Amino acid sequence: MSDRLFIFDTTLRDGEQVPGCQLNTVEKIQVAKQLEALGVDVIEAGFPISSPGDFNSVIEISKAVTWPTICALTRAVEKDIDVAADALRYAKHKRIHTGIGTSESHIRYKFNSTPEEIIERAVAAVKYAKRYVEDVEFYAEDAGRTDNEYLARVVDAVVKAGATVVNIPDTTGFRIPMEYGEKIKYLMEHVDGLSAGKAILSTHCHNDLGMATANSLAGIINGARQVEVTINGIGERAGNTSLEEVVMALKTHPYLGIDTNINTTKIYPISRMVSSLMNMPIQPNKAVVGRNAFAHSSGIHQDGVLKNAATYEIMDPKDVGIDDNSIVLTARSGRAALKHRLHVNGVEVDEERLDKIYQDFLALADKKKDVTDDDILMLAGADRSENHFVKLDYLQVTSGMGLRNVASIGLKIANEKFEAAATGNGPVDAAIKALKKIINRTMVLKEFTIQAISKGSDDVGKVHMQVEYDGHVYYGFGANTDIVVASIEAYIDCINKFVTK
């Protein structure tokens, strides 16, 4: 009989901590509903005490989904736990995730404490959380660098205090699979409450050395029965363990005898949706969901795949929701085809919104031969800027070899029109200087990244920017077939994030 592995998704908490990838509550609900359809067991919806936005998101996600457990993160602080319990009041199945650092460096430098005091605080936090909910998860932050013997004492204490799940995070992504697997094995063998079934261990691995998935699998093989993951492996620094990689690794190795509740055919659509909403492009060679994951360019590989796909493919693309026979969208495609492709990519729209996206789609299709899934996801997200305080009205640029780079720009600010012109060292520089004449504030461009969505000179270009203003860094995004326009839209996106604060 197969063992059941619980999938704990933290895309909306740990994944959303990536700078520039914050979602509003409506977008978080959209992701949460897709996570529910995907079949995840636990959705970590946020860190309620951290901000009013996180608090409200946990409330609204609790209302929006039915069967997954909704989890809220806290520190081992009573006020944090009070606020988390309040945010979870509408959840059908609720969990409080509390914890404290257990490594020597955390105890000595972060908390200026002692090992015994840390255990006391851990036990107190679990007992306090149990006053509100039955399902309490404890995290031993930096467990990856915590001495195994001491870690076992912590785990034993919190299980006895009532923790139902104990999270063993490799917070810094430091461990290699053999070491992390041995750590889980040691705990399984030395904590009586685990072998007695009073609690389960959870993995939470970061990807700083590129081993998050491998470490998580090593933990699972050695007894962990919950894995903490994010869609596309997004997360702080180098990211978290990737949901799609763990799930498909287990699916392609059935002899391990470990099952999940994941409907794998929904992996690709939610991957694309999260990428679009968070403005985080998926690297082409990303395992399972990357553009090249099922592409074959070598003649030998192509010949083998044509004869039998199994010669070079260990997964059927359809198993992860990639439709080999997807409808190609052109300027002659109708609303039904567009709606179908949006649905395949995890985006559900009403007729009013479909009409708006369709008009933008026709305008884009007139400029391009084929419209890709990335293009329509970009269009589906474009209406998020409709209510911006500052909007681009028009942009005209003169540029070329031997010519002065001149830009004329028109902005609508609270529906009032403003115009300016400037020269610069290139068309983008000229356009930004013209914009700055209207938005007369001291802004510094910190980062400027251009990415083509697919291939071809008529492709839509994505621009990601970081702009510093008043000591804070703001992140912006723009997309257009004209890269200069995309650049200005990204800059304006940054501006809208501080002018409306």
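Each remark here, short or long, concerns the structure printed above.
Reading guide: rules and limits
Along every chain, residues carry numbers that run from 1 in the direction the sequence is written. Under the rules for a predicted model, residues below a pLDDT of 70 receive no local features and side-chain atom pairs below 80 are neither given nor counted, while totals for whole chains, interfaces and linings still include all residues. Derived side-chain values reflect all non-hydrogen atoms in the structure, with water molecules and hydrogen atoms excluded from consideration. To get an axis, fit a line to the C-alpha atoms, keeping to the stretch in contact for a helix; angles then go from 0 to 180 degrees between the N-to-C directions. Segments assigned H or I by DSSP are reported as helices when at least four residues long, segments assigned E as strands when at least two residues long, and all are numbered from the N terminus. The cut-offs work like this: below 35 degrees is roughly parallel, past 145 is roughly antiparallel, 65 to 115 is roughly perpendicular, and the gaps in between are oblique. Each helix crossing is assigned a hand: it is left-handed if the near helix lies turned anticlockwise from the far helix by less than a right angle, otherwise right-handed if that turn is clockwise. Here, two residues are considered to be in contact whenever any of their heavy atoms come within 4.5 Å of each other. Two strands pair under a simple rule: DSSP has to find at least two bridges between them. Multiplying 1.5 Å by the residue count of a helix minus one yields the expected span of that helix. Throughout, exposure labels follow a simple rule: accessible area from a 1.4 Å probe, protein chains only, divided by the maximum for the residue type, with under 20% read as buried, over 50% as exposed, and the rest as partly exposed. Counting of polar contacts relies on pairs of N or O atoms within 3.5 Å, with two restrictions inside protein: one atom must be capable of donating a hydrogen and the other of accepting it, and residues adjacent in sequence are counted only when both atoms are side-chain atoms. In this scheme, patches are assembled from residues that exceed 30% relative accessible area and form no salt bridge. Like charges are connected within 9 Å, while nonpolar side chains (Val, Leu, Ile, Met, Phe, Trp, Tyr) are connected within 5 Å. Shrake-Rupley sampling with a 1.4 Å probe provides the accessible areas, and residues are treated as covered by the protein chains on show and by no other component. Note on definitions: salt bridges are taken to be side-chain nitrogens of Lys or Arg within 4 Å of carboxyl oxygens of Asp or Glu.

**Student:** How should the packing of helix 5 (residues 115-130) against helix 6 (residues 148-161) be read in this particular structure?
**Tutor:** If you want to describe how two helices pack, look at the angle between their axes and the distance between the axes. Viewed as axis vectors pointing N to C, helix 5 and helix 6 meet at an angle of 25°, and their least axial separation amounts to 9 Å. One element, helix 5, and the other, helix 6, form an angle in the roughly parallel class. Note that helix 5 runs across helix 6; the crossing there is right-handed. Listed contacts from helix 6 to Pro115, Glu116, Ile118, Ile119, Ala122, Val123, Val126, Lys127 and Lys130 of helix 5 are Tyr150, Arg153, Val154, Ala157, Val158 and Ala161.

**Student:** Whenever I open this one, the sheet that holds strand 11 (residues 390-398) confuses me. Can you help?
**Tutor:** Strand-to-strand pairing in sheets goes through backbone hydrogen bonds, with the strands running parallel or antiparallel. Judged by pairing direction, the sheet is antiparallel, and its three strands sit side by side in the order 11-12-13 without closing on themselves. Taken across any chain shown, the strands that pair with only one partner, and hence form the sheet edges, are strand 11 and strand 13 (416-424). Neighbour-to-neighbour, the strand axes of the sheet open up by a mean angle of 15°, direction not taken into account. Where strand 12 (residues 405-413) lies against strand 13, nine bridges are found, and the strand directions are antiparallel.

**Student:** How should I be thinking about helix 1 (residues 25-38) in this particular structure?
**Tutor:** Structurally, the α-helix is built with 3.6 residues per turn, so residues lying three or four positions apart point the same way. In a regular helix each residue adds 1.5 Å, so 14 residues correspond to 20 Å; helix 1 covers 20 Å between its end C-alpha atoms and thus fits that length. Taking burial as the measure, the 14 residues of helix 1 include ten buried ones, the bulk of the element. Thr25, Glu27, Lys28, Ile29, Val31, Ala32, Gln34, Leu35, Glu36 and Leu38 are the residues of helix 1 that are buried. Residues of helix 1 that are buried in the fold lie against strand 2 (6-9), strand 3 (42-46), helix 2 (52-64), helix 10 (243-251) and helix 11 (267-277). Its side-chain oxygen at 3.2 Å from the backbone nitrogen of Val26, Asn24 defines the N-terminal cap of helix 1. Just past helix 1, the residue Gly39 takes up positive phi, approximately 105°.

**Student:** Sorry if this is basic, but what is going on with a nonpolar patch on the surface here?
**Tutor:** A surface patch of nonpolar side chains, about 340 Å² in accessible area, is lined by Ile221, Tyr255 and Leu256. Secondary-structure assignment places Ile221 in helix 9 (residues 212-221). The exposed category is assigned to Ile221, whose relative accessible area is 53%.

**Student:** I tried to follow the pattern of salt bridges on my own but got confused; where do I start?
**Tutor:** One side chain can pair with another of opposite charge once the charged atoms of both are near each other. Scanning the entire structure with this criterion turns up 28 salt bridges. Arg4 is the salt-bridge partner of Asp41, the closest N and O atoms lying 2.7 Å from each other. With Asp41 in the loop between helix 1 and strand 3 and Arg4 in strand 1 (residues 3-4), this pair connects stretches of sequence that are 37 residues apart. For Asp41, a relative accessible area of 7% puts it in the buried group. A salt bridge links Lys160 to Asp156, with the shortest nitrogen-to-oxygen separation between them at 3.1 Å. With Lys160 and Asp156 both in helix 6 and four residues apart, the pair spans about one turn of that helix. According to the relative accessible area criterion, Lys160 is exposed, its value standing at 67%. Judged by its relative accessible area of 21%, Asp156 is partly exposed. Several salt bridges share partner residues, and in doing so they unite Arg13, Asp14 and Glu44 into one network.

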